[in-house]
Amino acid sequence: MSAATVASIAGASTLTAKADALEDAMSDELDKRIATPWFCSIDPTPEPVAGDTRPWYQHDDPRLPKMPDAPTLIDFFKLRFAPANHVLQSARLAKVNGMDEKIVLACLLHDICVGNFIRTDHGYWCAQMVAPYVDEEVAWAIEKHQALRFFADESVGYEYPDQYIRFFGADYKPEPYIIQAWEEAKKHRWYMTSRLITLNDLYSFEEGVVVDVDDFTDIIGRHFRQPKEGLGFDGSPVAHMWRSMIWPNNFL
Ligand SMILES: [Fe+2]
Ligand SMILES: [Fe+2]
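Undergrad: Talk me through the packing of helix α3 (residues 73–81) against helix α12 (residues 239–246); I want residue IDs and the actual numbers.
TA: In the contact formed by α3 and α12, the axes pass within 11 Å of each other and the chain directions differ by 35 degrees. Read as a crossing pair, α3 and α12 show a hand that is left-handed. For the pair formed by α3 and α12, the contact residues are Leu73, Phe76, Arg80 and Phe81 on the first element and Trp242, Met245 and Ile246 on the second. Grouping the constituent residues of the contact of α3 with α12 by class yields 6 nonpolar, no polar and 1 charged.

Undergrad: Can you tell me about the coordination of the iron ion (ligand 1), naming the residues and giving the values?
TA: Surrounding the iron ion (ligand 1) are the protein donor atoms Asp111 (OD), His122 (NE2) and His145 (NE2), at 2.1 to 2.2 Å. Read N to C, the donor residues that coordinate the iron ion (ligand 1) are spaced as D-x10-H-x22-H. The distance between the iron ion (ligand 1) and the iron ion (ligand 2) comes to 3.5 Å, and Asp111 binds to both of them. A residue pair is termed long-range when its members are at least 10 positions apart, and His122 in helix α6 (residues 122–130) and His145 in helix α7 (residues 136–148) qualify at 23 residues.

Undergrad: Mind laying out the side chain of Asn249, listing which residues take part and the relevant values?
TA: Structurally, the position occupied by Asn249 is in the segment after α12. You can call Asn249 buried: its relative accessible area is 16%. A polar contact is formed between the side chain of Asn249 and the side chain of Asp61, at a distance of 2.9 Å.

Undergrad: Go over the environment of Glu175 with me, naming the residues and quoting the values.
TA: Following the sequence through the fold, Glu175 ends up in the loop between α8 (162–168) and α9 (176–186). In this structure, the C-alpha to C-alpha distance between Glu175 and Ala147, residues 28 residues apart in sequence, is 9.7 Å.

Undergrad: Summarise the coordination of the iron ion (ligand 2); cite the residues concerned and give the values.
TA: Each protein donor to the iron ion (ligand 2) is listed here as His86 (NE2), His110 (NE2), Asp111 (OD) and Asp201 (OD); together their distances run 2.0 to 2.2 Å. Taken together, the 4 donor atoms coordinating the iron ion (ligand 2) span angles of 82 to 168 degrees at the metal, a pattern that classifies the geometry as irregular. All donors of the iron ion (ligand 2) come from a single chain, and their spacing in sequence reads H-x23-H-D-x89-D.

Undergrad: So what about the pattern of salt bridges? Which residues, and what values?
TA: The final tally for this structure, using the stated rule, is 12 salt bridges. Across the salt bridge formed by Arg63 and Asp61, the nearest N and O atoms sit 2.6 Å from each other. On the basis of relative accessibility, which here comes to 34%, the residue Arg63 falls in the partly exposed class. Residue classification places Asp61 among the buried residues on the basis of a relative accessible area of 4%. Between Arg225 and Asp135 there is a salt bridge; the shortest N-O distance is 4.0 Å. A residue pair is termed long-range when its members are at least 10 positions apart, and Arg225 in the loop between α11 (217–223) and α12 and Asp135 in the loop between α6 and α7 qualify at 90 residues. For Arg225, a relative accessible area of 46% corresponds to the partly exposed category. With a relative accessible area of 36%, Asp135 lands in the partly exposed category. Connected through salt bridges with shared partners, the residues Lys102, Asp135, Glu137 and Arg225 form a single ionic network.

Undergrad: So what's going on with the packing of helix α5 (residues 101–109) against helix α10 (residues 191–199)? Residues and values would help.
TA: One way to put it is that α5 packs onto α10 with a least axis distance of 9 Å and a crossing angle of 55 degrees. Relative to α10, the element α5 lies oblique. Crossing of α5 over α10 shows right-handed handedness. Along its contact with α5, which presents Ile103, Ala106 and Cys107, the element α10 presents Thr193, Leu196 and Ile197. Residues of the contact of α5 with α10, tallied by class, amount to 5 nonpolar, 1 polar and no charged.

Undergrad: Now, about the environment of Gly230: what can you tell me, with residues and values included?
TA: Structurally, Gly230 is set in the loop between α11 and α12. Residues Gly230 and Leu73, 157 residues apart in the sequence, show an inter-C-alpha distance of 8.6 Å. With residues near it in sequence (within four places) discarded, Gly230 still touches Ala70 and Pro71.

Definitions and limits used
- Residues numbered from 1 in each chain as written.
- Chains lettered and ligands numbered in written order.
- Predicted model: local features only at pLDDT ≥ 70, side-chain atom pairs only at ≥ 80, totals over all residues.
- Heavy atoms only, no water.
- Axes fitted to C-alpha atoms, helices over the stretch in contact; angles between N-to-C directions.
- Helix = DSSP H or I, 4+ residues; strand = E, 2+ residues; numbered from the N terminus.
- Left-handed = near helix turned anticlockwise from the far one by under 90°.
- Contact = heavy atoms within 4.5 Å.
- Nonpolar A, V, L, I, M, F, W, Y, C, P; charged D, E, K, R; others polar.
- Donors = N, O, S within 2.8 Å, 3.2 Å for Na, K, Ca; no water.
- Buried < 20%, exposed > 50% of the residue type's maximum accessible area, 1.4 Å probe, protein only.
- Polar contact = N/O pair within 3.5 Å; in protein donor to acceptor, adjacent residues only side chain to side chain.
- Tetrahedral: all angles 85-135°; square planar, octahedral: opposite > 155°, others 65-115°.
- Salt bridge = Lys/Arg side-chain N within 4 Å of Asp/Glu carboxyl O.
- Parallel < 35°, antiparallel > 145°, perpendicular 65-115°, else oblique.

Structure follows, in structure tokens:
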């Protein structure tokens, strides 16, 4: 519940007004669980920033750290994705488990669109974002991990996630397109690359373990083709996706 909502309940003078305010608050809470696509997670009606009189935060948004002119993947991790615990911890786990560098990179990138850009169909979006800069196998594996998460693979000890039972109920069946993606992926020569992403996909973090993206500088350097113009400015088919995270309010 937001501070404004609490204030509006407390400030209501009659019992009926308090009940109305509470109902509004409950409906706000419900809205949060209705996961509409959110691009860049930027509030469209921000609190005014002192001294900034622009009606819209077109170009640099004063609430966000300014990005360098030619941003690298690491700049995005530090200035947009941070704290990025989920992907950093997953990549660390892959490293600890002795995975190939390509797998570590795939784990590092597998969910990077979720917190900052778009959550819906995130495997597909993340794969597209990185496709021009990584091996085809890595992008393929990232795309398929979305479907593979739903299907156990006893050969590597991957079980259906308990949290999906909590989220969706025990009798939930993924949509046909997810089932089809899994059926196809199972027969593919890169299946295990994607499966290993799901195996290192970590949701319960190790207490006290802090992972820094700088720990992956070498792996990124060897396996991510950083464009010299910077992500967002290389004219690639996905440059606009990276720019959308640099300037989330550039609608004109
Ligand atoms: Fe994911
Ligand atoms: Fe994940």
